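Commentary on secondary and tertiary structure
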Number of protein chains: 2
Amino acid sequence: MSEPPPPAPASPLQLRLRIYCGQEAALGPGRVDLLERIVGTESIAQAARDMGMSYMKAWKLIQSMNRCFLSPLLEVHRGGKSGGTARLTPLGRQVLSLYRQMEQDSLAAVRLSEGKMAALLRPTDPGE
Amino acid sequence: MSEPPPPAPASPLQLRLRIYCGQEAALGPGRVDLLERIVGTESIAQAARDMGMSYMKAWKLIQSMNRCFLSPLLEVHRGGKSGGTARLTPLGRQVLSLYRQMEQDSLAAVRLSEGKMAALLRPTDPGE
């Protein structure tokens, strides 16, 4: 007749890393998501659609990323039926991997504190 | 006749931690800034002014923070000439300290990768 145990709470922590070149954002969660979707599809249009983003917006983000690093992260071929293809350059692969490593390392570093913080939060309804 | 050395670049990394209770933001950089300014002034109105924020906005953030944790982070006394005073509760001090510790720990964990990432960025003009 005991109550069912409460469901394990989702992590209450969101950690976001942004990389700047001067005042300009070079890389952040949205751009990294775009890069990874482009890796998956090789199509800028498809990656943009999957993110609910216009082609022009995706194109501008790519140009900004390419401009911010020592050399382009993406090798872009415009035009064609699919509206342009793009592939990561070796530097693009290196930057993407380094960013994901930074995310993992920073999250790992706060794992214990995250649990302490979660224990101080008011429990919420799972559906809330 | 050698050129002056370039100035040391500012850190290109921005790391932001947010704590959620369910779907609601409980704590993040802005709220922590507000808490610390309230600690410094004991005045909600002054802290809000210093942040370019309306009193009502600060008040709503405080209510939200107080609601999200097991017990209030701030003990609030409304009214009076100064428009309300507030002090951190013991839980408020604990949460604030834990959040700052998480920030420091996560930043420390990516210090090396941050340097690697910085080296891949195109140098920018200091004034840019």
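Relevant structure appears above.
Position numbers for residues count from 1 along each chain, tracking the sequence in the order it is written. As they are written, the chains are lettered A onward and the ligands numbered 1 onward, keeping that order. Local features in this predicted model are restricted to residues of pLDDT 70 or higher, and side-chain atom pairs are both shown and tallied only at a pLDDT of 80 or more, whereas totals for entire chains, interfaces and linings draw on every residue. Heavy atoms from the whole structure form the basis of all side-chain values; hydrogens and water molecules are not counted.

1. Describing the state of the cysteines
Covalent bonding between the sulfur atoms of two cysteines is what defines a disulfide. All names here are of chain A. A pair of cysteine sulfur atoms is labelled a disulfide when the two atoms are within 2.5 Å. Here the structure, examined in full by the defined rule, presents 2 disulfides over all chains. Put simply, cysteine 21 and cysteine 68 are joined by a disulfide, and their sulfur atoms are 2.4 Å apart. Of the two residues, cysteine 21 is situated in strand S1 (residues 13–21) and cysteine 68 in helix H3 (residues 55–68); the sequence distance between them amounts to 47 residues. The pair cysteine 21 / cysteine 68 is uniform in exposure class, with both members buried. A run of H or I in DSSP counts as a helix once it spans at least four residues, and a run of E counts as a strand once it spans at least two, with each numbered from the N terminus. Note on exposure labels: buried denotes an accessible area under 20% of the residue type's maximum, exposed denotes more than 50%, and partly exposed covers the range between, all computed with a 1.4 Å probe on protein chains only.

2. Focus on the interface of chain B and chain A
Contacts are assigned to residue pairs with any non-hydrogen atoms lying within 4.5 Å of each other. Counting residues at the interface gives 39 residues for chain B, matched by 39 residues for chain A. Summed over both partners, the interface of chain B with chain A comes to about 3,500 Å²; 68% of that surface belongs to carbon and sulfur atoms. Salt bridge, as used here: a side-chain nitrogen of Lys or Arg that lies within 4 Å of a carboxyl oxygen of Asp or Glu. Viewed at the interface, chain A and chain B are joined by 0 salt bridges. Residues adjacent in sequence count toward polar contacts only when both atoms are side-chain atoms; beyond that, a polar contact is any pair of N or O atoms within 3.5 Å, and within protein one must be able to donate a hydrogen and the other to accept it. Summed over the shared surface of chain B and chain A, the number is 11 residue pairs in polar contact (both at pLDDT 80 or more). Each residue receives one of three labels: charged for Asp, Glu, Lys and Arg, nonpolar for Ala, Val, Leu, Ile, Met, Phe, Trp, Tyr, Cys and Pro, and polar for the others, Gly being one of them. Looking at the side of chain B that touches chain A residue by residue, the classes come out as 24 nonpolar, 7 polar and 8 charged. Between any two strands, at least two bridges found by DSSP are needed for them to pair. As paired strands, S1(A) and strand S1 (residues 13–21) of chain B are joined by 7 bridges and run antiparallel to one another. Paired with Ile19(A) across the strands is Leu13(B), a residue of S1(B). Simply put, the buried area is the total loss of 1.4 Å probe accessible area from both parts when two parts are fitted together.

3. A word on the packing of helix H1 (residues 29–41) of chain B against helix H4 (residues 90–109) of chain B
All names here are of chain B. Each axis is a line fitted through C-alpha atoms, taken for helices only over the stretch in contact, and angles between the N-to-C directions span 0 to 180 degrees. Two numbers describe how H1 lies on H4: the axes approach to 11 Å, and their chain directions differ by 130°. The angle between H1 and H4 places the two elements in the oblique class. Read as a crossing pair, H1 and H4 show a hand that is left-handed. Residues Pro29, Val32, Leu35 and Glu36 of H1 touch H4, and the partners they reach there are Leu96, Tyr99 and Arg100. In terms of residue class, the contact of H1 with H4 is made up of 5 nonpolar, no polar and 2 charged. With respect to orientation, any angle under 35 degrees is reported as roughly parallel, any angle over 145 as roughly antiparallel, any angle of 65 to 115 as roughly perpendicular, and every other angle as oblique. Should the near helix be turned anticlockwise from the far one by less than a right angle, the crossing is termed left-handed; should it be turned clockwise, right-handed.

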